[in-house]
Amino acid sequence: MIPFLESAVSSIRDGGLLCATCTDTRVTCGPDLHKCSYFYGTARAKVHSFQEDALRIVLNCINSTANRHSRYVEPLLAVQTEFYLRVFVRIHRSKTECAKSTLKTGNVYNCNSCGNYYWQPFFSEKKNKIGPSKLELPSEKCDICREPWYFNGPIWLANINNHEFCEQLFSSLKTEQFNKLKTNRKIYGMLHAILQEK
């Protein structure tokens, strides 16, 4: 995905759909922690929710690439299955919303021992002005088990699935056209699980 991301994001029309597949799960959620830094620009920790973390890493990478072209992403659906990640995003053109997308990215401070974590967006909005956020951790070490925090980021902090889109897609699975798909039951199960999330 990475070699083609810049050209894909810069050439897609306003509101266009970008579907990205990443098969390098050893990098995004496996043992190759160091490669994630120079491939995706994220210092990744060994978090308990590693599959979701991988999706957020990819979304942040796509969004930061889009931001360089005065664009931003709207995640529709993000899934991890078997040996790959698949994300579906709309790419919009807007300098104002591009600036606001910085409110949706940041770092996570993770405890490898108990799984406790705190997330911190890079920017915050006060009185319609966007400015850098202040780091606010409860303590220098995990406030539950007193183990050290591990840095994980930058990643996408906002929603990774658009529930309205997923509901429409879920409803369309009941049509005769989709019933012919061999993967119908698998897609049904994945969407059902996503729609149970709050």
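The structure reproduced in this document is the subject of the present report. Here the structure is a predicted model, which is why all the values come from computation and not from measurement. (Residues numbered from 1 in each chain as written. Predicted model: local features only at pLDDT ≥ 70, side-chain atom pairs only at ≥ 80, totals over all residues. Heavy atoms only, no water.)

This part covers the sheet that holds strand β4 (residues 105-110). Within the open sheet, the 3 strands sit side by side as β5-β4-β8. Their pairing is antiparallel. Edge positions in the sheet fall to β5 (117-121) and β8 (150-156), since each has one partner strand and no second. Averaged over all adjacent pairs, the angle separating strand axes in this sheet is 25°, with direction ignored. Summarising the sheet, β4 and β5 pair through 5 bridges and their orientation is antiparallel. When the sheet's bridge partners are listed, V108 is paired in β5 with W119. Most of the contacts of helix α4 (residues 50-67) go to β8, to which it runs at about 55°, and overall it touches β4 and β8. (Pairing = 2+ DSSP bridges. Helix = DSSP H or I, 4+ residues; strand = E, 2+ residues; numbered from the N terminus. Axes fitted to C-alpha atoms, helices over the stretch in contact; angles between N-to-C directions. Contact = heavy atoms within 4.5 Å.)

Another aspect to go through is the packing of aromatic side chains. By the definition in use, this model includes 5 aromatic pairs. Each ring, one from Y118 and one from W149, has its centre 5.6 Å from the other, and the planes form 85°; the classification is edge-to-face. One end of the pair, Y118, is in strand β5; the other, W149, is in the loop between β7 (129-132) and β8, with 31 residues separating them in the sequence. Assessed through its relative accessible area of 28%, Y118 is described here as partly exposed. Given the relative accessible area of 13%, W149 is considered buried. When the centroid spacing of 4.8 Å and the interplanar angle of 35° are considered together, the rings of F170 and Y188 count as tilted. Here F170 is found in helix α6 (residues 163-172), whereas its partner Y188 is found in helix α8 (residues 184-196), with 18 residues between them in sequence. (Phe/Tyr/Trp six-rings, centres within 6.5 Å; stacked < 30°, edge-to-face > 60°. Buried < 20%, exposed > 50% of the residue type's maximum accessible area, 1.4 Å probe, protein only.)

What follows concerns the pattern of salt bridges. Scanning the model with the defined rule gives 6 salt bridges in all. Among the ionic pairs, D32 bridges to R26, the shortest N-O distance being 3.3 Å. Take D32: its relative accessible area is 12%, and that puts it in the buried class. Residue R56 is joined to E52 by a salt bridge in which the shortest nitrogen-to-oxygen separation is 2.9 Å. Within this pair, R56 and its partner E52 are both found in helix α4, separated by 4 residues, close to a single helical turn. (Salt bridge = Lys/Arg side-chain N within 4 Å of Asp/Glu carboxyl O.)

Let's shift gears to the sheet that holds strand β3 (residues 84-93). Overall, antiparallel pairing links the 3 strands, which are arranged β1-β3-β2 in an open sheet. The two strands at the open ends of the sheet, each matched to only one other strand, are β1 (16-22) and β2 (71-81). Each strand axis lies, on average, 20° off the axis of its neighbour in the sheet, ignoring direction.

Time to look at unusual backbone geometry. Of note, the bond from G153 into P154 is cis; its omega dihedral lies within 30 degrees of zero at 0°. Positionally, P154 belongs in strand β8. Phi at S70 takes a positive value of approximately 60°, unusual for a residue other than glycine. Checked against the element boundaries, S70 lands in the loop between α4 and β2.

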